[in-house]
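# Understanding the architecture of this molecule
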Amino acid sequence: MTRLALAALCAASAARAGVSVPPEARGNPLFDQANAAYLSGDTSRAVAGYEALLEEGLVSPELETNLGAAYLRQGKRGLAGLHLERALFLDPSDDDARANLLEVRRGNVDKLEGETEDAGTEVLSRVLAPLPGRPAAVALVALWTLGWGLLAANSLRPRASVGTSAAACFILAGAAALVTAGSAAAHRLTLRRAVVVAQAAPAREGPSDRAASHFEVHEGTALRIEDEDHGFRRVKLANGLTGWVPAAAVEPVVPAGWSNQHRL
Amino acid sequence: MSRRIGSALAALLVASAAPAAEEVQVSARADADEVALDGTLNLQIKATVSSKGDQADLTLPDLKDFDVVSRSQSEQVAFTFLNGSPTFRRTTVTTVKLAPRREGQLAIESARVTYKGRTYTTQPIAIRALPPGQAPAPKARAQAAPPPPLPDPFTEDVTLDPFQDAHPQSRDLVLRASVDRERPFVGQQITYSLYLLARVNVSGIDKLQLPRLDGFWSEEIEAPQQLVGEARIIDGVPYRAFLLRKRALFPLRAGKVEVEPAEVEVMTGFGMLFSRSSTRRASQPVTLDVQPLPEARKPAGFDAGNVGSWTLTASVDPVAVAVGQPVTFKLVAQGRGNVRNLALPKLGQIPGLRAYDATSNDKESVDQGQVTGTRTVEQLLVPERTGAMEIPSLSMDVFDPAQKGYRAVRTDPIRLEVHAAPANASVGSQVPAQNLLAAGGLRPIRLRMTRASVEAPPWTRGWFWPLLAVGPVAVALVAGAGRLRRLLARDPAEERVKKARSAARARLRGAEALLEEQRRGNGSASDFHAEVARALTGYLADKQGIEAAGLTREELGRALLDRGHPPGTVRAVLGVLDECDRARFAPGGADLPSQEARLERAGRLLGELEKVRRGA
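Residues numbered from 1 in each chain as written. Chains lettered and ligands numbered in written order. Predicted model: local features only at pLDDT ≥ 70, side-chain atom pairs only at ≥ 80, totals over all residues.

### Thoughts on the overall build of chain B
In terms of regular secondary structure, chain B is built from seven helices and 31 strands. Sorting the 616 residues of chain B into buried and exposed places 31% on the buried side. Residue pairs at least 24 apart in sequence account for 72% of intrachain contacts in chain B once pairs closer than 6 positions are excluded. (Helix = DSSP H or I, 4+ residues; strand = E, 2+ residues; numbered from the N terminus. Buried ≥ 20, exposed ≤ 12 C-beta atoms within 10 Å, placed from the backbone. Contact = placed C-beta atoms within 7 Å.)

### So, the overall build of chain A
The helix and strand inventory of chain A stands at ten helices and seven strands. Across the 264 residues in chain A, those meeting the buried criterion constitute 42%.

### Comments concerning the sheet that holds strand β23 (residues 320–322) of chain B
All names here are of chain B. Here we have three strands laid out as an open sheet, ordered β23-β31-β28, and mixed in their pairing. Looking at which strands have only one partner, the edges of the open sheet turn out to be β23 and β28 (387–391). Strand-to-strand twist in this sheet, taken as the mean axis angle between neighbours without regard to direction, amounts to 30°. Note that β28 and strand β31 (residues 414–419) share five bridges and pair antiparallel. Bridge pairing in β31 links M389 to L416. (Pairing = 2+ DSSP bridges. Axes fitted to C-alpha atoms, helices over the stretch in contact; angles between N-to-C directions.)

### Describing the nonpolar core
For soluble globular proteins, the rule of thumb is that nonpolar side chains tend to be buried together. Judged by nonpolar contacts, the single largest core of 55 residues is most densely connected at Y195, L196, L197 and F242 of chain B. Counting the residues that make up this core, at least three belong to each of domain 2 (173–290) and domain 3 (308–419) of chain B. In this structure L196 of chain B touches L173, L175, V202, I205, F242, L244, V264 and V266 of chain B, once residues within four positions along its chain are discounted. Judged by nonpolar contacts, the second largest core, of 49 residues, contains Y50, A87 and V196 of chain A together with M449 of chain B. (Core = buried A, V, L, I, M, F, W, Y, C linked by C-beta atoms within 7 Å. Domains from an automatic or database assignment.)

### Section: unusual backbone geometry
The general pattern is negative phi for most residues beyond glycine and trans for most peptide bonds. Residues and elements named next belong to chain B. Here the amide bond leading from D317 into P318 is cis, since omega sits at -10°, within 30 degrees of zero. The residue P318 is located in the loop between β22 (308–317) and β23 in this model. Its identity is not glycine, yet Q368 carries a phi of approximately 55°, on the positive side. Looking at the secondary structure, you find Q368 in the loop between β26 (359–367) and β27 (370–383). On the basis of neighbour count, Q368 is assigned to the exposed category, with 12 C-beta atoms found within 10 Å. Although it is not a glycine, K404 sits at a positive phi angle of roughly 50°.

### Brief notes about the pairing of strand β30 (residues 405–410) of chain B
Side-chain positions along a regular strand alternate between the two faces of the sheet. Residue and element names in this part refer to chain B. Relative to β30, strand β29 (residues 395–400) runs antiparallel, the two sharing six bridges. Paired with D400 across the strands is G405, a residue of β30. The loop that links β29 with its antiparallel partner β30 comprises four residues; one of these, K404, has a positive phi angle of about 50°.

### Focus on the packing of helix α4 (residues 61–74) of chain A against helix α6 (residues 95–106) of chain A
All names here are of chain A. At their nearest, the axes of α4 and α6 sit 10 Å apart, and the two run at 25° to each other. On the basis of the axis angle, α4 is roughly parallel to α6. The two elements α4 and α6 cross, and the hand of that crossing is left-handed. Across from P61, T65, G68, A69 and L72 in α4, the residues of α6 making contact are D96, A97, N100, E103 and V104. Looking at the contact of α4 with α6, its residues break down into five nonpolar, three polar and two charged. (Parallel < 35°, antiparallel > 145°, perpendicular 65-115°, else oblique. Left-handed = near helix turned anticlockwise from the far one by under 90°. Nonpolar A, V, L, I, M, F, W, Y, C, P; charged D, E, K, R; others polar.)

### Regarding the sheet that holds strand β5 (residues 57–59) of chain B
Residues and elements named next belong to chain B. With respect to topology, three strands assemble into an open sheet ordered β5-β9-β10, the strand pairing being antiparallel. Two strands in the sheet have a free side with no partner beyond their single neighbour: β5 and β10 (118–121). For this sheet, the mean inter-axis angle between neighbouring strands, taken without regard to orientation, is 25°. Bridging between β5 and strand β9 (residues 112–115) involves three bridges; their strand directions are antiparallel. Counterpart to T59 in the pairing with β9 is R112.

### A word on the interface of chain B and chain A
With 27 residues of chain B at the contact, the number on the chain A side is 47 residues. Here the side of chain B that touches chain A is composed, by residue class, of 19 nonpolar, three polar and five charged.

### Here we look at the environment of A247 of chain A
Residue and element names in this part refer to chain A. Among the secondary structure elements, A247 is positioned in the loop between β6 (242–246) and β7 (250–252). Sequence separation between A247 and F232 is 15 residues; the distance between their C-alpha atoms is 4.6 Å. Beyond its immediate chain neighbours, meaning those up to four positions away, A247 contacts E228, G231, F232 and R233.

### A word on the packing of helix α4 (residues 525–544) of chain B against helix α6 (residues 567–585) of chain B
Residues and elements named next belong to chain B. At a minimum axis separation of 8 Å, α4 and α6 run at an interaxial angle of 150°. The pairing of α4 with α6 is recorded here as roughly antiparallel in orientation. Crossing geometry of α4 relative to α6 is assigned as left-handed. Where α4 approaches α6, its residues A525, S526, H529, A530, V532, A533 and L536 are matched on the opposing element by V573, V576, L577, C580, A583 and R584. The residue makeup of the contact of α4 with α6, split by class, is ten nonpolar, two polar and one charged.

Geometric descriptors of this kind do not, in isolation, establish any biological role.
So, in structure tokens, the structure goes:
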């Protein structure tokens, strides 16, 4: 019912502005209507449409990219950064999401100085993210098992061709293992990655409102979640600044539902 | 008896002859347009000429409907410097008190003033004469009042009469300061007026010292160059009120603010030549209670300087241009208020438009006692891309004291058409006429959606690591199975070799049993020696691979020597075998002790033969 109402609202908004989605691009009706609302300048309705699709459990890099763009147009840099990061998590090759994310960061309030401590981690995460970790893991299992099979065959009935094939399998399995390890490292880093969605949040020395605060973080700033306790999250910025912020002020790039989710 | 009440005056400005219009001003006015038959009214005829010595000649109108009760005349000369040269203004005021002769609609005909051969006339004045004892209607008085003040933009505010609480207490000279509202908002205009109330003839003023106006931004509204008085009745006492200064004040902060007294030196007497004395007067201080701007519905980021009644317009010239050619964006804020404090919205970055620094120009003026202003912001924009562009709507929040509320004023979006420039358009121009497609900006949204899988990575699954172990484990199992198979499939000859010693020992134990039976008298020595010989030959066959049965003693000896056995051992083996053969085939040839000794030697020889086997 909510979905229908939202679709009707988005359609009305788009109709007023005379904007429509090309027929060849039609797919999910609510997605189309939200796109039309966005193109007509009604970003509020576009956001409502996109969010409704997310609530339905839909996972799509394009949905996250569009939602990030809509939030950015509304000036909500934190939520824009969060959804664009999610789009890149789902599809690291999404150039549009990456470009929009740069726009978000260009307007960020927080400018980090002395980016030495974790700058390498950030770069490593960016470099490793596009690695094909899943296929590499599957290839690792296949080549590794095949190599051992050939080795067994060679020990039973030694033949030069079988031995060479076994060696080739082990070398390829080693390469696949490197890619898998890189991807796993990137995955681990991404799971801890988060974005500040509150306009401003004091970073405190401990997980308490009474703990001293030495700095504030502002919306759109990316950071890492190190720990969680009593409604606070211990976060670390790229330059090593660390503090406890209210849990609601930061959102992890990979939501809890995704890590447990299998096929959608 | 009906008397005129109030101080409303009917004034009609005289049309004067054109050539001397700037030099002569003539006017006539009555202080009422209705009068009871038993009452009087005052007709005042004022002639002002720009001359030090020449005097205008006044001819009273034909007053056939009135009786002249009294007549008086006053004259004052004002001396001012105008454009660096002295200017004299001689004003002659003739006051005639009239009593109507009859009821009904009456007319005061035009008066005539002759000056330098020219004649100037006033306009007729209509007077309605009422029956005796009837008071003139207030309406009639109001109609006869001076032109009402022009509409105040802040109509909801009560504009104070500058003399409403003035009580000169019959003093001859009073300097009166007043403001038109006592509880303005921060940034709202108030008008500060300074009047001189006089019952004596004032020939001039000097050393006017206005108060310091700390906490205000002020603007001059009116600074009369000559003293022009108007009649006021205050507490029943007629006064001449001279406006000395009128300034617009804009409070800069909220709270109680006191405007200090002003001071002036007043010269009294008739004309310059007959000035008698000068008197110093100070005004009363004026206290204002400046209200802060209301917090209710205050827009976020509101600039406190945006107070007043403002409009905002934007324009672009031209609206169609070749790429690389500049256009001028103009943003104009216009209205009432303090334009100097106005904060205009800024044009943000527009993709495809290069914006240069904006220039700002403020103009102020006074319109009907209100300070108005215009701020014009001009900005040069150079399109860098072809196509239609839109300069977005700009919005500014203002606090309008008239509405006592906030409102947003905004411009309309402007469409700019940019077309490609001719090929040689960039020659000599500062900006290249190219369609510059710079990176950046928000990317267009995606119109198609694909569903993504967010499966957990394989290495986090439970099956991943066991599956990796499958290969090595399988190979290990295969190897183990082969080994087991080899263990299970043993060679009988090998088995015999391994069991040769234990088999020989078993036979020796059998021989010992036969020896025991002999001791009991049941056994046979032949069987005993056969068993001992089988123990040795069996061992040699199993372990050493020597079939002793088919060999002579010499061949057996060589075979043992060839396998590395010591000659002593070989001789002993051969000896035991010979003894066994003799004992088997020669009955009674062996006693028990010799058999025991032979059994012992056979056992020792097995040990010696085993050593050589192990050593080999």
